[in-house]
Each structure stands twice: as C-alpha cells, then as structure tokens.
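# Coordinates in review
Each chain is listed here by its residues.
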Amino acid sequence: MLKKEFMKKYDGVIRSIAVIQGVDMGVATDMLIYEIRVHAGIVKREDTYIEEVDWKQAQKDLDSIID
C-alpha cells in the first residue's frame, strides 16, 4: 500500500483529527500513524484521542506502506 492509499482509506479519521486538534492534514496523518503504533504496542503511551479505528487492520495497512 502506498502512503497515499493509506491516507485515502483513513481520510475521515484524518480529517476528524485535523479538525479536533486544529492541525493540518499532514500533521493529522502523523498523529494517526503514532496512535496506530501506540495501539500495536510499538510505542508506549497511556492517553489516546482516537476511538473509531480498527487498530489491527490499521497496523497491517501501516506496515504495508511502501513509499
């Protein structure tokens, strides 16, 4: 999966993050990627702000990004 495809698949979530956090789409994308890594146990952190994501599928999608 290309990063562009990842962003298209998660466009609604990314837009929601951008609006709620008051950031641009690029920053919101990075925030989503960080949250996926938190939920996958790659990064440790206790608080989170995204609830409506299939984290296992998102981790697979993130791992498949080739660009």
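Report follows, based on the coordinates. Every chain is numbered independently, its residues counted from 1 as its sequence is written. Reporting in this predicted model follows two pLDDT cut-offs: at least 70 for local features of residues, and 80 or more for side-chain atom pairs to be given and counted; totals over whole chains, interfaces and linings ignore these cut-offs and use all residues. Heavy atoms throughout the structure, all of them, feed into the side-chain values; hydrogens and water do not.

What follows is about the side chain of D61. Under the DSSP-based scheme used, a helix requires at least four consecutive residues in state H or I and a strand at least two consecutive residues in state E, with every element numbered from the N terminus. Position of D61 among the secondary structure elements: in helix α4 (residues 55-63). Among the polar contacts listed, one links the side chain of D61 to the side chain of Y10, at a separation of 2.7 Å. The contact criterion used throughout is that any non-hydrogen atoms of two residues lie within 4.5 Å. Not counting residues up to four positions away in its chain, the partners in contact with D61 are M1, F6, K9 and Y10. Any pair of N or O atoms that falls within 3.5 Å is considered a polar contact. Within protein, one atom must be able to donate a hydrogen and the other to accept it, and sequence-neighbouring residues count only if both atoms are side-chain atoms.

Moving on: the packing of aromatic side chains. For any pair of aromatic rings, the description rests on two quantities: the centre-to-centre distance and the angle between the ring planes. Two rings from Phe, Tyr or Trp (for Trp, the six-membered ring) form a pair when their centres are within 6.5 Å of each other. A pair whose planes differ by under 30 degrees is stacked, one over 60 is edge-to-face, and the rest are tilted. Under the criterion given, the structure shown has one aromatic pair. Geometrically, the ring pair formed by F6 and Y10 is tilted, given 4.9 Å between the ring centres and 40° between the ring planes. The same class applies to F6 as to Y10, namely buried. Relative accessible area decides the class of each residue, using a 1.4 Å probe on protein chains only: under 20% of the type maximum gives buried, over 50% gives exposed, and in between gives partly exposed.

Salt bridges are defined as contacts in which a side-chain nitrogen from Lys or Arg sits within 4 Å of a carboxyl oxygen from Asp or Glu. Going through the model one piece at a time under the given rule, you end up with two salt bridges. As a salt-bridge pair, K9 and D61 come within 2.8 Å of each other at their nearest N and O atoms. One end of the pair, K9, is in helix α1 (residues 3-9); the other, D61, is in helix α4, with 52 residues separating them in the sequence. Exposure remark for K9: the relative accessible area of 46% places this residue in the partly exposed category. In this structure D61 comes out as buried when scored by relative accessible area, which is 5%. A salt bridge links D11 to R15, with the nearest nitrogen and oxygen atoms 2.8 Å apart. Pair noted here: D11 and R15 are both in helix α2 (residues 11-21), with a separation of four residues, about one helical turn. Look at D11 and you get partly exposed, because its relative accessible area is 27%. Look at R15 and you get partly exposed, because its relative accessible area is 47%.

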